[in-house]
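# Summary of structural features
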Amino acid sequence: MNIFPTATDFWRYTYDGETHLFFADHYRRGWWDAWEEKWHQGFWVYSYPPLVHQLIALVGRVSSLEAGYRLVQSVALVLYPVAAWSLSREIQGVEAAGLTSLLTLAPAGVYLALYSFGQLPTVVGIVIMLFALAALARYLREGRPEHLLGWGLFAGTLFSAHHLTAAFGLLPAAVCVVLHSVGMKNGSGRSSWISRLTLAGLTLAASAVLAIIPFWWWALTQREALAEIPHPTRLQFLLIPEFRDLFFLREYGLSLLFLPLVLLWPIRNRKRWSLTALLVAWMVLGLGGNTTIPKQILGGFWTYMIYDRFTLLAAAFSPLAAGEWLTALHGRVRQMALVALLIPAVMVSASAAAYTRSRDLLPPLKEWEQIEMRRFLEAENHSDWYYITLGLGDNEFQHLSRMTSARTIDGYYTTARIRKELREGRAGSFDGSLHFPDGLAELKTVLARPAEWNLKWALVRDPRYEPLLKESGWTRGYPIGSDSSWEPGEAVYSTVMIWYVPDPSIPVLRDNTLVPPAPLPVLWGIMPLAFLVGAVYVSARGLRQARRVERSESLPLESA
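This text gives an overview of the structure that appears in the document. In this text the structure is predicted, and so the values were computed from the model without any measurement.

Turning to a nonpolar patch on the surface, a few remarks are in order. Nonpolar side chains collect at one region of the surface, where Leu 71, Val 75, Val 78, Leu 79 and Val 82 lie side by side and expose about 390 Å² of accessible area between them. Its place among the elements puts Val 82 in helix H4 (residues 65-91). Overall, Val 82 belongs to the partly exposed group, its relative accessible area being 39%.

Another aspect to go through is unusual backbone geometry. Residues apart from glycine generally show negative phi values, whereas peptide bonds are mostly found in trans. Not every positive phi belongs to a glycine, and Glu 380 is a case in point at roughly 50 degrees. Its location among the elements puts Glu 380 in the loop between helix H19 (367-378) and strand S3 (386-390). For Glu 380, a relative accessible area of 73% gives the class exposed. Phi angles above zero are rare outside glycine, and Asp 438 is one such case at about 60 degrees. Looking at where Asp 438 falls in the secondary structure, it is placed in the loop between helix H21 (420-424) and helix H22 (439-447).

Counted by the stated rule, this structure contains 25 salt bridges. Of the charged contacts, one joins Arg 138 and Glu 90 as a salt bridge, the two residues approaching to 2.9 Å between their closest N and O atoms. Of this pair, Arg 138 sits in helix H7 (residues 120-142) while Glu 90 is found in helix H4, placing the two residues 48 residues apart along the sequence. With respect to burial, Arg 138 and Glu 90 carry one shared label: buried.

As for its placement among the helices and strands, Ala 206 is situated in helix H10 (residues 190-211). Separated by 51 residues in sequence, Ala 206 and Ala 155 place their C-alpha atoms 9.7 Å apart.

With that settled, consider the packing of aromatic side chains. Inspection of the entire model under this criterion finds 35 aromatic pairs. Geometrically, the ring pair formed by Phe 23 and Tyr 48 is tilted, given 5.8 Å between the ring centres and 45 degrees between the ring planes. Of this pair, Phe 23 sits in helix H2 (residues 17-29) while Tyr 48 is found in the loop between strand S2 (43-44) and helix H3 (51-62), placing the two residues 25 residues apart along the sequence. Each member of the pair, Phe 23 as well as Tyr 48, carries the same accessibility label: buried. Taking 6.5 Å as the distance between ring centres and 85 degrees as the angle between the ring planes, the aromatic pair formed by Phe 376 and Tyr 478 counts as edge-to-face. With Phe 376 in helix H19 and Tyr 478 in strand S5 (residues 475-479), this pair connects stretches of sequence that are 102 residues apart. For Phe 376, a relative accessible area of 8% gives the class buried.

What counts as what
- Residues take numbers from 1 onward in each chain, read along the sequence in its written order.
- Since the coordinates come from a predicted model, pLDDT governs what is reported: local features require at least 70, and pairs of side-chain atoms require 80 or more to be given and counted, while whole-chain, interface and lining totals use all residues.
- The basis for the side-chain values is all heavy atoms of the structure; hydrogens and waters are excluded.
- The patches reported here contain residues having more than 30% relative accessible area and no salt bridge. Joining distances are 9 Å for like charges and 5 Å for nonpolar side chains (Val, Leu, Ile, Met, Phe, Trp, Tyr).
- Per-residue accessibility takes into account occlusion by the displayed protein chains alone, with areas from the Shrake-Rupley method and a 1.4 Å probe.
- Any Lys or Arg side-chain nitrogen located within 4 Å of an Asp or Glu carboxyl oxygen qualifies as a salt bridge.
- The numbering of helices and of strands both runs from the N terminus, where a helix is a DSSP run of H or I of at least 4 residues and a strand a run of E of at least 2.
- The buried label goes to any residue with under 20% of its type's maximum accessible area, the exposed label to any with over 50%, and the partly exposed label to all in between, with areas taken from a 1.4 Å probe on protein chains only.
- Pairs were defined over the aromatic rings of Phe, Tyr and Trp, the Trp ring being its six-membered one, requiring ring centres within 6.5 Å. Orientation was assigned from the angle between planes: stacked under 30 degrees, edge-to-face over 60, tilted for the rest.

Have a look at this one:
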C-alpha cells in the first residue's frame, strides 16, 4: 500500500512535508549551525527537536533530501507493527502480540498523518515511544540494567525526535505502564519496586535533559509568548462535516471498531484499567473544542496544541486492546474476523492516505516556473532585500524557500518567530493571509511600511492580493517567464507576477546571525544521533542474547 506513494513526491501534497525538508536542508548545509536566516528574519533551529531532520540530511549528503524523507518514512512504517508487537508481548503475551501487530494496519490516522498532514516526526515519535514503553515494562519485570539503559536511550531518542509526543504521549503512558506492572505484580517485593521505579524515573529525567539540552536552553531563555494561530481542532469540529470527516472519521478509520473494545478492556482483564484510562484520556483530548475538558486540563497550553495528535495516539495504541480480544476467538472464527477486518482496513487507510490528492488544490507550478522564481530572487542584488510570496501556496512557498538562498519575512514554523510583530500576529503565514482572521490587516501593516522590514519583492500568484499592493504603493512588474520589457496585454506564461517597492531607499539587509553558547551546537549535532545509535545497539544486543537463550533451550540434553 505504501510502495506507490513513497515512490512519488507525495510530500508536496501534504501540509508540513516541505517544512521538514526545509529543516533537513538546514542541517545538510550547516550541521552545526544554530541560526536559520531564510525564514522569519532568522530563527533558532533549537526550537524543534532535530533527529528526524538530521536523519534526512544524512541521506541528503549522499543522495537527495527527498530520498532521505522516503527512507525515514518507510523505516517508520515498517517498524510500527514491530514496535506494537514488542510492547504487546511485554504486557499481554506472545499470542496477543502477533494479532496486535497485524491490526496496526487499521489505524488510518497513521497514514493520514504521513500523507495528508506530513507529520513524519510525530509518527516516528510514536514508533519510538512504543519501543521505549516495551523497554520500561521489561525493566520493571526483570530489573536488569540493560533494560533500564534501553528505556533511557529510547526515551532520549523520542525527545530528540518529537518533544510533544514525548511530553503528552510517553510521560502519561509510562505512568500507566508502571501502574499496569504493579497490578500484574511484576517484581520481587516492595523494596525492589521502589528502587526500580526510582531508577526508571531518574533515567527518564536525565535522558530528557541530556538528549536536547539546546532545546531547553531555547525554551527557558529565548522562547516568547505567541498569539493563538486558529486551528479547526479547537472548534466544535464534530458539528462541521468537513472537519468531522478529517479529524475524526479519517483519523480513526476502521479502528473506530476498536473503541468499544478499548472501553470494555478491563472486563476482559481487570488489570488493564490503567491502559484503558490512558486511551480514553487521549480520545477525550482528541475531541478538542467539542468539550471543555482539554482546555481545563491543559490550561495555558490550550492555544498551543493541535488536538488531532491525541486522536492519532489513541488510534495508534488501540490495536493493543483489539488484539487481546481477538485472542479469545479460536480457529476459523479468528481467521474470518481478521480477514473481515484487515481487508477493509487497508482500503480505508489507503483512502485516508489519498485524501489530499483528491482535494481542490492549487495546480502545482511547472518546474520552469520554480526555476525562474529562484533565478529572479538570486539575480543581480535582489537577495539584498527580503521577499514575500502571496497566494503561492504552502508547498510551493516552502519549496521555493528551500531551493533559494534568498530570505523572506515569512515562514511555516510559527513557534520559532522572534520579531514582536510576527509573534503577535494571528496569521499562520503572510502567503495565506486571506485564509486567517485579520490576516489581510496584518499583511497591510507590513506592505505599507516595507522599509521597516527591509522588504522589496513580492511574488504574487493570487490576484486578490493585488488591490492591497496597489493601495500600499507597490508597483506591478512582470510575470515570471518574461522580463522588465513586458507590457500589459502581451503574452503571459505564468500566473506568478512580480511586484516591487519603487522606493530606492529601502535599507539592504545586514547580518543578523545570533550565536548560541559554545557547547550547544556540539550537543545538538551529536547527542540525538548518539541516543538513537545507543538505543539500536542495546536492542540488537538484547535480541541476540534472547536468540542464544532460545537456541540453548532447544538443544537436546547430552546423555550421561
